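Survey of secondary and tertiary structure
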Amino acid sequence: MDTANPLLVSGLKMAGDGSEMRKNPTLICVPIMADSIDKMVADMAKAKASNADLVEIRLDSLKNFNPFEDLKVLIKECPLPTLFTYRPVWEGGMYDGDEKERLDVLQLAMELGADYIDVELKVAHEFIKSINGKKPEKIKVIVSSHNYQNTPSVEALGNLVAKIQSTGADIVKIATTAVDITDVARIFQITVHSQVPIIGLVMGERGLISRILCAKFGGYLTFGTLEPGVISAPGQPTIKDLFDLYNFRQLGPDTKVYGIIGKPVGHSKSPMLYNEAFKSAGFNGVFVHLLVDDLAKFLQTYSSIDFAGFSCTIPHKEAAVKCCDEVDPIAKSIGAVNCIVRSQSDGKLFGYNTDYIGAISAIEDGLRARYNISSITSSPLAGKLFVVIGAGGAGKALAYGAKQKGARVVVANRTYERARELADVVGGDALSLDDLACFHPEEGMVLANTTSIGMQPKIDETPIPKNALKYYSVVFDAVYTPKITRMLQEAEEAGATIVSGLEMFIGQAYEQYERFTGLPAPKEQFRRTMSKY
Ligand code: NAP
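The protein chain appears in an unreviewed UniProt entry as shikimate dehydrogenase (NADP(+)) from Hibiscus trionum.

Here it is, written out as structure tokens:
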């Protein structure tokens, strides 16, 4: 069977987006889901303008459908190669009519000049037999299987591929569901070893990497939507993100994978920051969101040197200390790792903490600005009373960092015992979160929130009442979505100098970028990128 991608080798209808520059043959297909032919035709033009390679026309989304007339219009008007899908309810689609009529429509699409048709495994054998001898040379039949519950074992997936192949399919499509991000590894394994063209995608947020990294592992196509949320299967990214965020055309077998590990993680701006920097430095890497439930299982599954580095956020920073082969002494004393780098020689994992550097230098800058201090040799934190809210990964980093700079540290936390524990480690005092409101032993203190209180979507929340903020000269919030949290806004109104979590984010990212790439961080570019969001 011909495994080459016909759109690229024969130049059927090239995308016109400088495809000759692409480093992978994986096609980008825009799903067209609309209830009228007019809207479908309009969306096809948008798909072309977005530099898609082809469109998947979901006939089951149409309200009124006159097959002979409408198929002719759709094929004639489409500026891109067409894939026709008429998905029945029993396979997760919207068509609930007669089966014979449905398959007749697919055959008609084929006869009228479709480039691809998609037929479900359950009916593929009969269908392919029925078109035997009538199939035009250019058309490719995709035989698909959808599993909306889970992702089977590698062995079961291998058997499924063989079963699909035995129907006479030109292209195998397997879409499964990610219960855990490690499920995707099995689809990568099947994709990379496939002897036939294969579309292997894993649905759901935990499956997102399957839709991006299929370009690295040799998948035949991926789906990119015209708009966020207008999807034909759960977890599809937009075509804009595939191009602009992930540099999809530039991914290849030797592209190194980096990512932000967290739960939740979809809000993180790290992929925007690193991917843009990778692109301008010509660095062959991609940075993705990694929604991880179990860190140890994730690191054991994705253990090849291709998965070269990770940023760690809530709730995995403490677990990361135990998962690394070696941990930097400062990260060890903080008890939190937010940066994991895999050695490219022996695959070992090294853990670092870059949070405390980013946060402390941003707070020092805030103090210098407030008190007009020009000296950069001594820390303006020395002698200050430094109140940290939170005792998790970021709390530990801030408390440890402030102590290093000579501040007197007080830790306030929802769970008092954790505050006490951290205070004991850094030689400070502990408070419960409830006691913070009436804690004001002196004026001009520094406050740092390191909990997620006030983070999107709960932007109306704050860890401290407004009237307690007047005792602080500088107030910092580790939360950076939104950039100005309710706490920061109220602190500014109370007369404090405020420092956004964005400053910490940029500072810690400089450090991580240099560890990931061995290149100096493009500091000005990081600032420009972050100012866009
Ligand atoms: P973490 O290790 O899970 O710690 C979370 C801390 O927040 C714990 O002290 C926890 O208290 C407290 N907390 C959580 N929800 C709370 C609530 N509803 N009420 C009161 N306290 C609550 O998380 P982390 O890694 O330290 O991250 C914390 C925050 O910092 C996140 O918003 C993260 O996005 C932000 N952050 C920002 C940057 C940046 O670059 N700007 C870097 C790192 C982190 P208990 O001990 O009682 O559970």
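Below, the discussion takes up the overall build of the protein chain. Regarding its fold elements, the protein chain presents 19 helices and 20 strands. Projecting the C-alpha coordinates of the protein chain onto the three principal axes gives extents of approximately 85 × 50 × 40 Å. Going through the 533 residues of the protein chain one by one, you find that 58% of them count as buried. Taking the intrachain contacts of the protein chain between residues at least 6 apart in sequence as the baseline, contacts between residues at least 24 apart amount to 69%. Total accessible area on the protein chain stands at roughly 21900 Å², and carbon and sulfur atoms take up 52% of it.

A few words now on empty space enclosed by the protein. Summed over the entire model, instances satisfying the criterion amount to 2 cavities of 30 Å³ or more. Considered as a void within the structure, the largest cavity measures approximately 150 Å³ in volume. Forming the walls of the largest cavity are 15 residues, and the residues nearest its centre are His146, Lys173, Ser232, Ala233 and Gln236. Where the lining of the largest cavity is concerned, the elements lending two or more residues are β2 (54–58), β6 (171–177) and β7 (198–203). For the lining of the largest cavity, a count of residues per class yields 6 nonpolar, 4 polar and 5 charged.

Taking the numbering used here, the UniProt-annotated feature "domain: Quinate/shikimate 5-dehydrogenase/glutamyl-tRNA reductase" (unreviewed entry) corresponds to residues 380–451. Across residues 380–451, helical content stands at 32% and strand content at 28%; the span's end C-alpha atoms are separated by 24 Å.

Let us look at helix α2 (residues 37–49). Its 13 residues give α2 an end-to-end C-alpha distance of 19 Å, which sits within 8% of 18 Å, the value for a rise of 1.5 Å per residue. Those residues of α2 that fall on the buried side of the exposure criterion are Ile37, Met40, Asp43, Met44 and Ala47. Seen end-on, α2 carries its buried residues on one side only, within an arc spanning 115°. Across α2 from its buried face, at more than 90 degrees, point the exposed residues Asp38 and Ala49. Summarising the contacts, the buried residues of α2 are in contact with β1 (27–32), β2 and α3 (67–77). Of the residues flanking the end of α2, it is Asn51, one or two places downstream, whose phi is positive at about 70°.

What counts as what
Residues numbered from 1 in each chain as written. Predicted model: local features only at pLDDT ≥ 70, side-chain atom pairs only at ≥ 80, totals over all residues. Heavy atoms only, no water. Helix = DSSP H or I, 4+ residues; strand = E, 2+ residues; numbered from the N terminus. Buried < 20%, exposed > 50% of the residue type's maximum accessible area, 1.4 Å probe, protein only. Contact = heavy atoms within 4.5 Å. Areas by Shrake-Rupley, 256 points an atom, 1.4 Å probe, with all protein chains shown as cover. 1 Å grid on protein atoms, 1.4 Å probe; cavity = no way out; pocket = protein on both sides within 12 Å on 5 of 7 lines; lining within 4 Å. Points joined across faces, edges and corners; volume = space filled by probe spheres on them. Nonpolar A, V, L, I, M, F, W, Y, C, P; charged D, E, K, R; others polar. UniProt positions renumbered as here; feature names shortened; annotations may be inferred. Expected span 1.5 Å × (residues − 1). Arc of directions from axis to C-beta.

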